[in-house]
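For reference, the chains in residue letters:
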Amino acid sequence: MPSDIEKQSFSRRLRAALDQATKGRGATDLAREFNLQHREGEGVSVQSAHKWLSGKAIPTSDKLGTLARWLNVSEHWLHYGPPPDSDATSSTPSNRLGMDVHPRFGECASLVRKIEALSPRHRLLVEEIVTQFYVGSTD
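**Considering the packing of helix α2 (residues 27–37) against helix α3 (residues 46–54)**
α3 packs onto α2 with a crossing angle of 115° between their chain directions and a minimal axis gap of 8 Å. If you check the angle between α2 and α3, you find them roughly perpendicular. For the crossing formed where α2 meets α3, the hand is right-handed. Along the contact surface, α2 presents A27, T28, L30, A31 and F34, while α3 presents V46, A49, H50, W52 and L53. Of the residues assigned to the contact of α2 with α3, the class counts are eight nonpolar, two polar and no charged.

Dropping the structure here:
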């Protein structure tokens, strides 16, 4: 039986995948869209979808498979998080804080490691440059 921490972690990954895929925000949307995708056995109720989103339950493996295919993420990542030997589990700031990293952000991990390796002075310069581009892009 999954622990409360595992359920909460699953919920965060599910919400991140839903946000990334822009597939709706609430339990009603999740249940409706999931049931359109799930072809193996029964669909899910709004209450079940709410339990997934609120960190009270983790779906069965067949439902995890449907979610992963539908949201275009790996089933392993959705259920357990990134594998220990993946690039996404490097010493990035978000991982040091104990947060899960979505697999699509793996290409950013290399850049983060390079920036972290810079001297404090050079990191400040990079931050200033990025800030200038970011501010300039909203004009």
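**Structural notes on the confidence of the model for the protein chain**
Interpretation of the predicted coordinates at a detailed level should be avoided for regions scoring low in pLDDT. Averaged over every residue, the pLDDT of the protein chain is 79; residues scoring 70 or more account for 76%. When mean pLDDT is compared element by element in the protein chain, α3 scores highest at 96, while helix α6 (residues 93–96) scores lowest at 37. Segment residues 88–99 is flagged for pLDDT under 50; beyond a separation of four residues in sequence, or across chains, it makes 22 contacts in the model.

**A look at the packing of aromatic side chains**
For the structure shown, the criterion picks out one aromatic pair. Between F34 and W52, the ring centres sit 5.5 Å apart and the planes meet at 80°, which makes this aromatic pair edge-to-face. Taken together, the positions of F34 in helix α2 and W52 in helix α3 put the pair 18 residues apart, joining distant regions of the chain. Accessibility assignment for this pair places F34 and W52 in one class, buried.

**So, helix α4 (residues 61–71)**
Counting buried positions along α4 yields eight of eleven residues, so the element is predominantly enclosed. Along α4, the positions that sit buried rather than exposed are K63, L64, G65, T66, L67, A68, W70 and L71. Where α4 is buried, its residues meet α1 (4–21), α2, α3 and α5 (75–80).

Cut-off values and rules
- Residues numbered from 1 in each chain as written.
- Predicted model: local features only at pLDDT ≥ 70, side-chain atom pairs only at ≥ 80, totals over all residues.
- Heavy atoms only, no water.
- Axes fitted to C-alpha atoms, helices over the stretch in contact; angles between N-to-C directions.
- Helix = DSSP H or I, 4+ residues; strand = E, 2+ residues; numbered from the N terminus.
- Parallel < 35°, antiparallel > 145°, perpendicular 65-115°, else oblique.
- Left-handed = near helix turned anticlockwise from the far one by under 90°.
- Contact = heavy atoms within 4.5 Å.
- Nonpolar A, V, L, I, M, F, W, Y, C, P; charged D, E, K, R; others polar.
- pLDDT = per-residue confidence, 0-100.
- Phe/Tyr/Trp six-rings, centres within 6.5 Å; stacked < 30°, edge-to-face > 60°.
- Buried < 20%, exposed > 50% of the residue type's maximum accessible area, 1.4 Å probe, protein only.

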